[in-house]
Amino acid sequence: MKKKMSYWLLVCVYACLCPLLQAQSNAWELKDIYIRDPFILPDTNTKTYYLYRSADTTGTDGKVIGGVECFRSKDLQHWEGPKRVFTVPENNWITGKVWAPEVHSYAGKYYLFATLNSDIQWKKSVPGWPSYTFRGTQIFRADRPEGPFLPLGQFPQTPMERMALDGTLWVEEEIPYMVFCHEWVQIVDGGMDLVRLSEDLSQAVEAPQTLFHASAADWSTGSATGDQTTYVTDGCFLYRTHTGKLLMIWSSFKEGQYAMGVAESVTGRVAGPWRQQPKPLFEQEGGHGMIFRTFEGRLCIVFHNQNSSNGGERAQIYEIEDQEETLKVKGKFIP
C-alpha cells in the first residue's frame with residue numbers, strides 16, 4: 001500500500017511539473033532571441049505582448065519560402081515561443097524571404113504587414129550594388145495575434161513598379177494609409193512614400209506620393225556605393241505626441257553607423273509636408289524601431305542593434321519621453 005501511494009504521489013508530482021518544465025524549455029530572454037526589425041504588439045484583449053520576427057524556410061526544391069514567427073510575454077522579460085503564425089502561400093506573387101513583419105490591430109482584426117522579396121532580377125543591377133529584384137509590402141489578416149494570417153489577395157498593396165519595403169499602418173480621421181520606404185537600390189536617394197488604402201486594407205485606392213528623401217535629414221550622411229553616395233530609408237513608424245504633433249521615426253546611416261532620426265509633419269497630417277529634426281534619436285548602431293506603450297502606460301521604443309547580418313542582431317527596449325515637439329531616449333527599459 002505504501003509503495004502504491006508513493007507511486008501515485010510521484011505521478012501527481014510529475015503531472016504538475018511537466019507543464020512547467022515544458023514552458024521553461026520554450027522560455028527565452030530577449031537577449032537570447034535573434035531578431036532584426038522587431039515589432040511588439042501589446043494586445044489589450046489578452047494582456048499579452050507579442051514579438052514578431054521573420055522565419056523563412058527552405059522548400060523541397062531548395063527555394064526560400066517566407067514566413068513569420070511570434071514570441072509572447074506577460075512582462076517583456078520572459079518570452080515563450082516561437083510559434084509560426086504565417087507562411088507565404090504557394091500561389092502568391094512572390095514567395096521569397098519576409099522582412100520587417102508588423103502586426104496591427106484594426107477594425108476588430110489583426111493585420112500583418114510583411115515585406116516580401118524575390119530572387120528574380122527585375123532590371124539590370126548596378127555593378128557592386130545589391131540585386132535589383134521585385135520587393136513589396138503585402139497585407140495579411142487574422143482573427144488572433146497568433147494567426148494564422150491569410151492573404152487579402154495575391155499581390156502587394158505597394159505599387160508593383162516600386163521596389164518597396166517596411167510598410168506600416170497609419171489611420172487618420174478613420175482613413176487607413178500605408179507609409180513605406182522606396183528602396184535606394186532603385187532610386188539612389190531612398191524615399192519615404194505614402195499610399196491611401198481601402199477601408200478593408202485590401203488595396204491601394206490612390207496613387208502614392210513621396211513624403212521626403214533620406215538626404216533631407218542632415219544626420220543622414222549616406223554611404224559610398226561604387227562611385228555614388230547612396231541614402232537608405234528604413235523602418236518607418238508614426239507617433240502622435242500628447243499635444244497632437246505627428247512624428248515619424250525612421251532609420252538610415254550616419255557616418256557609417258545605423259541610426260534613427262525623427263521627422264515631424266508641419267501640418268500635423270500624414271501627407272505633410274515633413275521637416276527633419278537635426279539630431280538623431282539614436283545613433284549607436286541601432287535602428288528600425290517602433291513605439292508602443294506598456295500595459296502600465298510607459299512609453300517605449302524597440303529596435304535592433306548590432307546591424308551586422310551575422311547573427312548578432314538583438315532587440316533592445318528603451319523607455320522614451322514624449323516632449324511635445326520631439327522624443328527623447330531616457331534609458332534602457334527596466335520592468
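Predicted, not measured: the structure shown is a model, and the values here were computed from it.

Quick notes on the rules
- Residues numbered from 1 in each chain as written.
- Predicted model: local features only at pLDDT ≥ 70, side-chain atom pairs only at ≥ 80, totals over all residues.
- Heavy atoms only, no water.
- Salt bridge = Lys/Arg side-chain N within 4 Å of Asp/Glu carboxyl O.
- Helix = DSSP H or I, 4+ residues; strand = E, 2+ residues; numbered from the N terminus.
- Buried < 20%, exposed > 50% of the residue type's maximum accessible area, 1.4 Å probe, protein only.
- Disulfide = S-S within 2.5 Å.
- Contact = heavy atoms within 4.5 Å.
- Pairing = 2+ DSSP bridges.
- Axes fitted to C-alpha atoms, helices over the stretch in contact; angles between N-to-C directions.

### Section: the pattern of salt bridges
- Per the counting criterion, the structure on display carries 19 salt bridges.
- Glu 146 is the salt-bridge partner of Arg 72, the closest N and O atoms lying 2.9 Å from each other. Note that Arg 72 is positioned in strand E6 (residues 67-73) and Glu 146 in the loop between strand E10 (133-142) and strand E11 (150-151), a separation of 74 residues in sequence.
- By relative accessible area, which is 8% here, Glu 146 ends up buried.
- Across the pair Arg 269 and Glu 173 runs a salt bridge whose closest N-O atoms are separated by 3.1 Å. Residue Arg 269 is found in the loop between strand E20 (257-265) and strand E21 (274-276), and its partner Glu 173 is found in the loop between strand E12 (164-172) and strand E13 (175-182); the two are separated by 96 residues along the sequence.
- Given a relative accessible area of 38%, Arg 269 falls into the partly exposed group.
- Through salt bridges with shared partners, a single network forms among Arg 72, Glu 80, Lys 83 and Glu 146.

### Points about the state of the cysteines
- Under the criterion given, the structure shown has zero disulfides.
- The cysteine Cys 70 is free of any disulfide, with Cys 300 supplying the nearest cysteine sulfur at 20 Å.
- In this structure Cys 181 is a free cysteine whose sulfur lies 4.1 Å from that of Cys 236, the closest cysteine sulfur available.

### A look at unusual backbone geometry
- In the segment running from Gly 81 into Pro 82, the intervening peptide bond is cis, with an omega of 5°.
- Looking at where Pro 82 falls in the secondary structure, it is placed in strand E7 (residues 78-87).
- A cis geometry characterises the amide bond from Gly 272 onward to Pro 273, with omega recorded as 10°.
- Tracing the backbone through its elements, the reader meets Pro 273 in the loop between E20 and E21.
- Positive phi values are uncommon outside glycine, yet Ala 107 reaches one of about 50°.
- Within the secondary structure, Ala 107 sits in the loop between strand E8 (98-106) and strand E9 (109-121).

### Focus on the environment of Met 160
- Checked against the element boundaries, Met 160 lands in the loop between E11 and E12.
- In this structure, Met 160 is in contact with Trp 93 and Trp 122, ignoring residues within four places of it in sequence.

### Quick look at the sheet that holds strand E25 (residues 327-332)
- Strand order in this open sheet of four strands is E22-E23-E24-E25, and the pairing throughout is antiparallel. Each edge of the sheet is formed by a strand with only one pairing partner; in this case those strands are strand E22 (286-293) and E25. With direction set aside, neighbouring strand axes in the sheet form an average angle of 35°.
- Here E22 runs beside strand E23 (residues 299-305); their pairing, made up of six bridges, is antiparallel. Each residue of the ladder has a partner; that of Arg 293, found in E23, is Leu 299.

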